[in-house]
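Residue-level listing of the chains:
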Amino acid sequence: MRSKVTVVGAGNVGATTAQRIYERGYADVVLVDVVEDMPQGKALDLLESGPVLGTDAQIIGANDYEPTADSDVVVITAGIARRPGMSRDDLLLTNMRIMQSVTEQVVKYSPDCIIVVVSNPLDAMVQLAQQVSGFPKERVVGMAGILDTARFRTFLAQELNVSVTNVSAYVLGGHGDTMVPLIKATTVGGVPVSELIEADRLEEIVQRTRDGGAEIVALLKTGSAYYAPSAASAQMVEAILLDRKEILPCAAMLDGEYGISGLYVGVPVKLGANGIEEIIEVELTEAESTALQASADAVQELVDVMAESGK
């Protein structure tokens, strides 16, 4: 029996995430959106690719949550996308209202699911989803670090003209300007990256990673990144459904780890059938520890704004 995955939001990120999961064949997919007939049309188009791809998985679209009942994993991508000149923080209050409504419906129909949040501003949205759902912190996780790390690995591989598979790295912290690439832990073919790239050039690559989403927004002019975010989201879903126990950088609720408590922050976690099964603590330099705390402080500011607006 196949697993069941719901993707909420049938825009570019959601539809492409649904496509990637459907094409892997191990889960039936429900694509939900408020726009009438749109998720049904996209789902039908995807379903008709099944004979070409050789998958018997099912995918349907819906404008309500009843067809999502008893989902194993729910991926939430709903919300407005960034526009040129708009920061992730500008999205906060609008997407806060959307996230609250979506999470309430998800919990109503799939009380035992694991929630993967993709909507921006990511760290604040996953914190809100956990609060609204009332789920254990292990069953609500945010997608950010995999995407940020993928961008960092891409730029390093390009710089050194090597395969991306040879680049090992982690990007921690909030999904935005305060993200923290761990230079000390970054290696290329086992060699520390600091031995291969001059410090000034390495800092330029780090900054490009931080600006990765904004760079794509500026190029697209209408919309934001979705191919890489959907690939990262699908990797998380696969790790959960196939119980892979994969170590991935995700937004997780910390309870004293890294000196941070009561806040969702991007850190390495073991992701498996139970959701976040372990938070991995890696040794940080003093500078990295300071930067991670600053990133957590930036997330806390958003959480505080949400709390104030809800009064």
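Above this note sits the structure.
Predicted, not measured: the structure shown is a model, and the values here were computed from it.

Caption draft 1: Broad picture of the overall build of the chain. Secondary structure summary: the chain contains 10 helices and 14 strands in total. In terms of C-alpha radius of gyration, the chain reaches 19 Å, essentially the compact-globule figure of 19 Å for 311 residues. Across its three principal axes, the chain shows a C-alpha extent of roughly 55 × 50 × 40 Å. Relative to its full complement of 311 residues, the chain shows a buried share of 50%. Put simply, of all contacts in the chain between residues at least 6 apart along the chain, 68% involve residues at least 24 apart. When the accessible surface of the chain is summed, it comes to about 13700 Å², and 49% of that surface belongs to carbon and sulfur atoms. If you average the places of the 23 positive and of the 43 negative side-chain charges in the chain, the two averages end up 3 Å apart.

Caption draft 2: Focus on empty space enclosed by the protein. Evaluation of the coordinates by the stated rule reveals 1 cavity of 30 Å³ or more. Estimated volume of the largest cavity: approximately 30 Å³. Contributing to the lining of the largest cavity are Ala144, Gly145, Asp148, Val171, Leu172, Gly173 and Gly266. Elements supplying a minimum of two residues to the lining of the largest cavity: helix 6 (145–160) and strand 8 (171–172). Class assignment of the residues belonging to the lining of the largest cavity gives a composition of 3 nonpolar, 3 polar and 1 charged.

Caption draft 3: Highlighting the pattern of salt bridges. In total, this model carries 12 salt bridges according to the counting rule given. Two residues, Asp28 and Arg2, come together in a salt bridge whose shortest N-O distance is 2.8 Å. Of this pair, Asp28 sits in strand 2 (residues 27–32) while Arg2 sits in the segment before strand 1 (3–8), and the two are 26 residues apart along the sequence. Between Arg201 and Glu159 there is a salt bridge, with its nearest N and O atoms 2.8 Å apart. Within this pair, whereas Arg201 is found in helix 7 (residues 199–210), its partner Glu159 is found in helix 6, the two being separated by 42 residues in sequence. When salt bridges with common partners are traced through the structure, they connect Arg24, Glu238, Arg244 and Glu246 into a single cluster.

Caption draft 4: Here's a closer look at the packing of helix 1 (residues 12–24) against helix 2 (residues 38–47). It is the contact of helix 1 with helix 2, at a shortest axis distance of 11 Å, that shows an interaxial angle of 30°. Here helix 2 runs roughly parallel to helix 1, going by the angle between their axes. As for the relative orientation of helix 1 and helix 2, their crossing is right-handed in sense. Counting all contacts with helix 1, which are made through Ala15, Gln19 and Tyr22, the residues of helix 2 involved are Lys42, Leu46 and Leu47. Class assignment for the residues of the contact of helix 1 with helix 2 results in 4 nonpolar, 1 polar and 1 charged.

Caption draft 5: Broad picture of the packing of aromatic side chains. Inspection of the entire model under this criterion finds 1 aromatic pair. The ring of Phe135 carries the charged tip of Arg139 above its face, separated from the ring centre by 4.0 Å. Positioned above the aromatic ring of Phe155 is the side chain of Arg208, whose terminal nitrogen or guanidinium carbon lies 4.1 Å from the ring centre.

Conventions adopted
- Residues numbered from 1 in each chain as written.
- Predicted model: local features only at pLDDT ≥ 70, side-chain atom pairs only at ≥ 80, totals over all residues.
- Heavy atoms only, no water.
- Helix = DSSP H or I, 4+ residues; strand = E, 2+ residues; numbered from the N terminus.
- Rg over C-alpha atoms; globule rule 2.2 N^0.38 Å.
- Buried < 20%, exposed > 50% of the residue type's maximum accessible area, 1.4 Å probe, protein only.
- Contact = heavy atoms within 4.5 Å.
- Areas by Shrake-Rupley, 256 points an atom, 1.4 Å probe, with all protein chains shown as cover.
- Lys, Arg positive; Asp, Glu negative; His and termini not counted.
- Charge placed at Lys NZ, Arg CZ, Asp CG, Glu CD.
- 1 Å grid on protein atoms, 1.4 Å probe; cavity = no way out; pocket = protein on both sides within 12 Å on 5 of 7 lines; lining within 4 Å.
- Points joined across faces, edges and corners; volume = space filled by probe spheres on them.
- Nonpolar A, V, L, I, M, F, W, Y, C, P; charged D, E, K, R; others polar.
- Salt bridge = Lys/Arg side-chain N within 4 Å of Asp/Glu carboxyl O.
- Axes fitted to C-alpha atoms, helices over the stretch in contact; angles between N-to-C directions.
- Parallel < 35°, antiparallel > 145°, perpendicular 65-115°, else oblique.
- Left-handed = near helix turned anticlockwise from the far one by under 90°.
- Phe/Tyr/Trp six-rings, centres within 6.5 Å; stacked < 30°, edge-to-face > 60°.
- Lys NZ or Arg CZ within 6 Å of the ring centre and 35° of its normal.

Coordinates in, geometry out; function isn't part of it.
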